[in-house]
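Each chain is listed here by its residues.
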Amino acid sequence: MSNDPPLQGAVQTLLSTLPGSVALPAGAGKTELIAAAVAEVAAQGGTSLVLTHTHAGVDALRRRMKKFGVDHTQVVVRTIDSWSYNLIAHFPSLAELVVPAAPDWSKVAEYHRAAARAVSTRAVRRMLEVSYSNLFIDEYQDCLTDQHTLALELAQVLPTAVLGDPLQGLFNFGKNRPADWSADVVANFPAVDIDYRPRRWDPDHQELGAWLVAIRENLLNGRPIDLTSAPVTWVPRRDARTFVNTCYAALDLDGTIAVLGQFRPDCVNAASSLGGSYSVMEAIDEKVSVTLATRIDTKGGAEVAQAVVEFAIGSTAGLATHIPAAKRRQLGEGKSFVTRREDLRPAYEAVVQVRSDPTPAAVRIALDLLGRLPGVTIHCREAWFEVMRSVATAISDECTVSEALQRTRNHTRAAGRSPTTRVVSRPLLVKGLEYDHVIILNPVKYTAQELYVALTRGSKSVTVISDTIVLPAAHMALPSAAAPR
Amino acid sequence: MLRRLRIEHFRGIESAEWSINRRLVALVGAGDSTKTTLLDAIGLVLNPNYNPQFTDADFYGLDLTRNVVIEATVADLPDNLVKESQLGKDRSGIMPDGTLVHDPIDEAEECLVIRLTVTPELDPTWEVVRPDSDDARPITGTQRRQLGYFRLGERPDLHLRWARGSALSGLTDGSDGASSVILGAHREARSAVFDADTNPLHAAAAAAQKSAGYFGAAAFVELRPGLEPGSATSSHALMLHDGLVPLSSFGLGTRRLTSLSIQDLAMDGGSIIAMDEVEHGLEPHRLAQTLRRLKKRTDAGELQIVMTTHSPITVETLSAVDLVVVHTNGAGTTTCQAVPEDLDNVQGTFRSAPNALLGRRVLVGEGATEVGFLRGLLRHWDTERLAADETLAAAIGTVLVNGRGGTQSTQRAKNFQQLGYPTCLLVDNDDRAIDQSVAESEAVGVAVHRWTLGNALEDEVIHTLSAQGLQAVVTLAVDIRGEQSIQATVGATLGGKALIGADVAAWQTQADVDLATMRTAIAATATKKEWFKREDHGEELAEVVIAHWGGLENTPLLKVIGELRAFAYPATPEPSTHLDAELKGEQ
């Protein structure tokens, strides 16, 4: 692979024009290009710092470095967030910020600004100069302005290449604006043109790969996408439950499957309709678990018991019939909460126990029994196990469930989530991941970027369920529009 | 470059803090002032090869309830240590005034604070720590090695050999050069033994073969003497020779100096070099040459040398600012006082009295007369104390310094006091021009002793002694200057009186003056004509005073002399550091 002539050419082009930016479509070998460039730098005796956004990205890059035989002393791969935190934790005066012993990721934007300050000092510059000969930043379309500021400081010291795809820029609306590719990125990191080929679909699905490159122009320009002659399966959407048959049928396919919705509630509904055969992927900062943890820590028995039951019902299929709405109301009002069914009784009693003594230990027993009731399947497995694990940690470490949850999540960030063969997810969460098959549920409300990310996740097949065979024009979500405050 | 050293509970040092800002540092101070302990401490905290074996004796006062802590702050860090994967994020800062700050801020110099801790279980750990925080991370031997610490002149003979780990081996290209030479030599020796003419060894071998035959041991063809083949023969025996003479036969000084030069050559990159007793085995001219060479190397900015010395020649050869005065207060506190660059005329002080820096208490005489006078007194007192089995001035560390007159003497006294030496100054009281500078030296703590207002030493003596004593003074002056000179000058002072002989009573009659007038005239002449202005003459004057001081106990003369004695032989004995010395002896 490392002797692939076009790749070597691309590496030479990139390394000879730094600082620079490379925009490459999905599946066009961006990770491969970075690894090859790092290998070339290593061959010249240099050491590279490679920064990206997610731990999954770090894993992917590290594996690729290994494939290219890059010695571990000649490359450091980190997320921008953890690299920044680690730097400023060592240098509070240089960063002008004191951080806690465990990172508080809700303040990550501050961390980036602090890291930028630290990088502008003499001592850190020297450290960077003697440590690294090159800097590569991956998934640059996801860089928020504070991260971009940090990148600009780093680029003062190290020859820097940034790589990404503006068409894959997905973001949560928040205080922090992403860097604008044409205004912010290319102005500081001149565009470097690299020849590319959509390698992800080699060798059996080249037609799909070519089509996905061809539609970029339409997406970038807000034009409709016609699926009539596209190498994707189109399923007309007859009603809100059309997807159920499609998804059940897909269970016969080999390999991994992602069913893509748009927001968490429609994903949870879909997973519920599919009876637990698909699991809901959660955002790493999903609020549902946080809300439950806070209630367990701070509220009285009735409220905790009610919150536990609501969480259990929301995360499973089949539980609501065991605990009808009337019973749930009684639970909240402190009235009697009993069942005549023998098989349900232990779970009911455990919930009552939570109401009279809302400790993490009681919550743990209640959730455990609720999850194992007959006919109940858990489809929000990530949220469920995250909560179970945090409650267990709170018991063993004698901390609050909220603290335990933060630790659990920091661990997940570092270790990555356990892979799941069949998931219901959203473009935002599957970006950078790859599945064999993708089923897209009613993409009409997607932005152009979401649609592009969704279409490019499947390496073997893509199925689109929509009202019409021509997908209406999706608008490009612009960074400026994403800055409401 | 070593910028700071902090010690707790190590050997003779309960606590020491030393801030360093120069590349050439010579530690001076009296014996047992813990100079070598400082050097050893630097070696332990920085040296990766030391593989130190600690003993209970390394704990201050053998107190095993506390850890030994040695903390070295090193600046000028090599690139490799500054890497993010190494210790780049563990750097602290050291401000121009020597204080440490947690981060290497732009106003500070970046540094690593390396701490060696030895627990009472004798387990050493090396860590990089940060000021004002609990941050600590281990530093490996490989990382410490990169700080470039060497102890020069140590095991001198090792570095004159192609032995494992010697500087000479380091200078030799290729790792097996020495062993192949040894192997070749060994093979030749083996053939030489086989080829040797028949000798008594052959007869013994033949006898052994015959006996072996009787026992049926084996059917040998020919038993004969031979050298056993060596495989990995040590190259330790391969040594530098001058002509046919091995360097091991040369004097200690030559071996040390040659070893030092080889070590210097074998070093690459910035280094911190320690040398104990730089003068050891060297004559003055070679010592001075060595120091000049080292000074040149440090001025070039690539290395730092920390040495101890007991040699006045070192003190004279180096600049005053290269010197650091080490004191121990006897209760475990060691202070390291660098000679400040702005200390007035300190260079002259050291050049003139290099010995004083190696003592404990400094007695400054204003000029030659005072120094001689004081020497005479000390000799007398030493004789008395020897008889009483008491410590002598030299053992106490009381050192005499010639102040070279007037304000120079107050300046010198001030210099020594400011460097931490208890200092006493004996100065005349007949020159109002120096009152101001006398007051200044008193203000910094010098114990100043002066005669009665208006008097020089000669005045005080001549006015105080009995008539008999006065006669002895005149007799001494006659011995020094000759009778005619004394007669003529005293006569002139009396207004042109002609004096005959050398008898003071007779002079009184001849000049027709009373004893008081005669004393005044003799004193004035003695001062003006500088009868005793040489150290040996001052010493003789002291002998006269000593011979005649009976009955004068309550005079100002004896009062001052008593104070000088109290300073020279302090009533509280200097704290004993014998324990320290003994422990060193055991190692």
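Residues numbered from 1 in each chain as written. Chains lettered and ligands numbered in written order. Predicted model: local features only at pLDDT ≥ 70, side-chain atom pairs only at ≥ 80, totals over all residues. Heavy atoms only, no water.

What follows is about the overall build of chain A. Each helix and strand counted, chain A has 21 helices and 15 strands in total. For chain A, whose C-alpha radius of gyration is 25 Å, the value lies close to the compact-globule estimate of 23 Å for 485 residues. The buried share among the 485 residues of chain A stands at 52%. Long-range contacts, defined as pairs at least 24 residues apart, comprise 74% of the intrachain contacts of chain A with a sequence gap of at least 6. Carbon and sulfur atoms provide 52% of the accessible area of chain A, an area that totals close to 20900 Å². With 50 positive and 50 negative side-chain charges, chain A shows a separation of 5 Å between the mean positions of the two kinds. (Helix = DSSP H or I, 4+ residues; strand = E, 2+ residues; numbered from the N terminus. Rg over C-alpha atoms; globule rule 2.2 N^0.38 Å. Buried < 20%, exposed > 50% of the residue type's maximum accessible area, 1.4 Å probe, protein only. Contact = heavy atoms within 4.5 Å. Areas by Shrake-Rupley, 256 points an atom, 1.4 Å probe, with all protein chains shown as cover. Lys, Arg positive; Asp, Glu negative; His and termini not counted. Charge placed at Lys NZ, Arg CZ, Asp CG, Glu CD.)

This brings us to the side chain of Thr456(A). Residues and elements named next belong to chain A. Within the fold, threonine 456 resides in the loop between helix H21 (448–455) and strand E14 (458–466). Using a relative accessible area of 0% as the deciding quantity, one classes threonine 456 as buried. Setting aside residues no more than four positions away along its own chain, threonine 456 makes contact with Ala26, Arg200, Trp201 and Leu212.

This part covers the pairing of strand E5 (residues 160–164) of chain A. Residue and element names in this part refer to chain A. In terms of burial, E5 is a largely internal element, five of the five residues being buried. Bridging between strand E1 (residues 20–23) and E5 involves four bridges; their strand directions are parallel. Residue glycine 20 lies in a different strand from E5, and its bridge partner there is alanine 161. Pairing of strand E4 (residues 134–137) with E5 involves three bridges; the strand directions are parallel. Residue pairing for E5: leucine 135 is matched across the bridge by threonine 160. Viewed along the sheet, the connection from E4 through helix H8 (residues 145–157) into E5 turns out right-handed. (Pairing = 2+ DSSP bridges. Right-handed = clockwise from strand over helix to strand, strands pointing away.)

A few words on H21(A). Counting buried residues along H21(A), eight of its eight residues qualify, which places the element largely inside the surrounding structure. All of the buried residues in H21(A) are Ala448(A), Gln449(A), Glu450(A), Leu451(A), Tyr452(A), Val453(A), Ala454(A) and Leu455(A).

All names here are of chain A. On the basis of which strands lie adjacent, the open sheet formed by five strands has the order E1-E5-E4-E2-E3 and parallel pairing. Here the strands that pair on one side only, and so sit at the sheet edges, are E1 and strand E3 (75–79). Across the sheet, the mean angle separating the axes of adjacent strands is 15° when strand polarity is ignored. Against the sheet, helix H3 (residues 55–67) engages strand E2 (48–52) and E3, with an angle of about 165° to E3. (Axes fitted to C-alpha atoms, helices over the stretch in contact; angles between N-to-C directions.)

Looking now at the side chain of Thr308(B). Residue and element names in this part refer to chain B. Note on placement: threonine 308 falls in strand E14 (residues 303–308). A distance of 2.7 Å separates the side chain of threonine 308 from the backbone nitrogen of glutamate 277, its partner in a polar contact. Ignoring sequence-local partners within four residues, the contact set of threonine 308 consists of Leu27, Lys35, Thr36, Leu39, Met275, Asp276, Glu277, Val278 and Glu279. (Polar contact = N/O pair within 3.5 Å; in protein donor to acceptor, adjacent residues only side chain to side chain.)

For the rest of this paragraph, the subject is the packing of helix H13 (residues 287–298) of chain A against helix H14 (residues 301–314) of chain A. All names here are of chain A. Relative orientation of the contacting elements H13 and H14 amounts to 160°, with a least axis distance of 9 Å. Compared by their axis directions, H13 and H14 come out roughly antiparallel. Between H13 and H14 lies a crossing of left-handed hand. Contact with H13, carried on its side by Val288, Leu292, Arg295 and Ile296, involves Glu303, Val304, Ala307, Val308 and Phe311 of H14 and no other residues of that element. Within the contact of H13 with H14, the residues separate by chemical class into seven nonpolar, no polar and two charged. (Parallel < 35°, antiparallel > 145°, perpendicular 65-115°, else oblique. Left-handed = near helix turned anticlockwise from the far one by under 90°. Nonpolar A, V, L, I, M, F, W, Y, C, P; charged D, E, K, R; others polar.)

Another aspect to go through is the interface of chain A and chain B. Taken together, the contact pairs 17 residues of chain A with 18 residues of chain B. Carbon and sulfur atoms supply 49% of the area buried between chain A and chain B, which totals about 1600 Å² over both sides. Among the residues of chain A in contact with chain B, His90(A), Arg126(A) and Val130(A) are the three that bury the most area, contributing 33% of the side total. Across the chain A-chain B interface, the total number found is two salt bridges. Where Arg126(A) meets Glu110(B), a salt bridge forms, and the shortest distance between an N and an O atom there is 2.3 Å. For the side of chain A that touches chain B, the secondary structure elements donating two or more residues are helix H4 (80–90), helix H5 (92–95) and helix H7 (122–131) of chain A. Of the residues forming the side of chain A that touches chain B, the biggest block, seven residues, is contributed by H7(A). (Buried area = accessible area lost by both parts, 1.4 Å probe. Salt bridge = Lys/Arg side-chain N within 4 Å of Asp/Glu carboxyl O.)

Residue and element names in this part refer to chain B. If you trace the backbone, proline 570 turns up in the loop between helix H21 (556–568) and helix H22 (578–586). The exposure class assigned to proline 570 is buried, which follows from its relative accessible area of 17%. A C-alpha to C-alpha distance of 34 Å links proline 570 and glycine 281, two positions 289 residues apart in sequence. Each residue touching proline 570, except ones within four places of it in the same chain, is listed here: Arg361 and Ile396.

Let's shift gears to the confidence of the model for chain B. Atom-level detail of predicted coordinates should not be read off regions where pLDDT is low. Looking at chain B as a whole, the pLDDT averages 89, with 95% of positions reaching at least 70. Taking the mean pLDDT of every element in chain B, the minimum, 42, falls on H22(B) and the maximum, 97, on strand E5 (residues 92–94) of chain B. (pLDDT = per-residue confidence, 0-100.)

All names here are of chain B. One can read the domain layout of chain B as domain 1 (1–148 + 271–342), domain 2 (164–195 + 221–266) and domain 3 (357–568). Using only C-alpha atoms to locate each centre, domain 1 and domain 2 end up separated by 36 Å. At the junction of the two partners, domain 1 supplies 13 residues and domain 2 supplies seven residues. Buried area between domain 1 and domain 2, both sides added, is near 750 Å², and the carbon and sulfur share of it is 54%. At the boundary of domain 1 with domain 2, the tally comes to zero salt bridges. Put simply, domain 1 and domain 2 have five residue pairs in polar contact (both at pLDDT 80 or more) between them. Looking at the side of domain 1 that touches domain 2 residue by residue, the classes come out as five nonpolar, three polar and five charged. (Domains from an automatic or database assignment.)

Let us look at the sheet that holds strand E8 (residues 257–260) of chain A. As a general point, the strands of a sheet are linked pairwise by backbone hydrogen bonds and lie either parallel or antiparallel. Residue and element names in this part refer to chain A. Sheet architecture is open: six strands sit in the order E7-E14-E13-E8-E12-E9, paired in parallel fashion. Taken across any chain shown, the strands that pair with only one partner, and hence form the sheet edges, are strand E7 (233–236) and strand E9 (279–280). Across six bridges, the pairing between strand E13 (residues 435–441) and E14 is parallel. Counterpart to tyrosine 435 in the pairing with E14 is glycine 458.

All names here are of chain B. With 15 residues, helix H16 (residues 467–481) ought to run about 21 Å at 1.5 Å a step, and its terminal C-alpha atoms sit 21 Å apart, in line with that. Among the residues of H16, those classed as buried are Gly469, Leu470, Gln471, Val473, Val474, Leu476, Ala477 and Val478. Those residues of H16 that are buried lie in contact with helix H15 (457–464), helix H17 (483–493), helix H18 (504–511), helix H19 (515–528) and helix H20 (535–548). Phi turns positive, to about 95°, at glycine 482, one or two residues after H16. (Expected span 1.5 Å × (residues − 1).)

With that out of the way, let us pick up the pattern of salt bridges. Charged atoms that come close allow side chains of opposite charge to pair. Residues and elements named next belong to chain A. Scanning the model with the defined rule gives 55 salt bridges over all chains in all. Where glutamate 333 meets lysine 335, a salt bridge forms, and the shortest distance between an N and an O atom there is 3.1 Å. The partly exposed category is assigned to glutamate 333, whose relative accessible area is 47%. Accessibility expressed as a relative area gives 46% for lysine 335, which makes it partly exposed.

Here we come to the packing of aromatic side chains. Under the counting rule described, the total for this entry stands at twelve aromatic pairs over all chains. Consider the rings of Trp381(B) and Tyr569(B), whose centres lie 6.1 Å apart with planes at 85°: the pair is edge-to-face. Taken as a pair, Trp381(B) in helix H11 (residues 368–387) and Tyr569(B) in the loop between H21 and H22 lie far apart in primary sequence, 188 residues in all. In terms of burial, Trp381(B) and Tyr569(B) fall into one category: buried. An aromatic cluster of three or more residues is present, and its members are Tyr85(A), Trp105(A) and Tyr111(A). It is Arg144(B) that lies over the ring of Trp126(B); its NZ or CZ is 3.9 Å from the centre. One residue, Arg361(B), lies across the ring of Phe567(B), its end atom 4.4 Å from the ring centre. (Phe/Tyr/Trp six-rings, centres within 6.5 Å; stacked < 30°, edge-to-face > 60°. Lys NZ or Arg CZ within 6 Å of the ring centre and 35° of its normal.)

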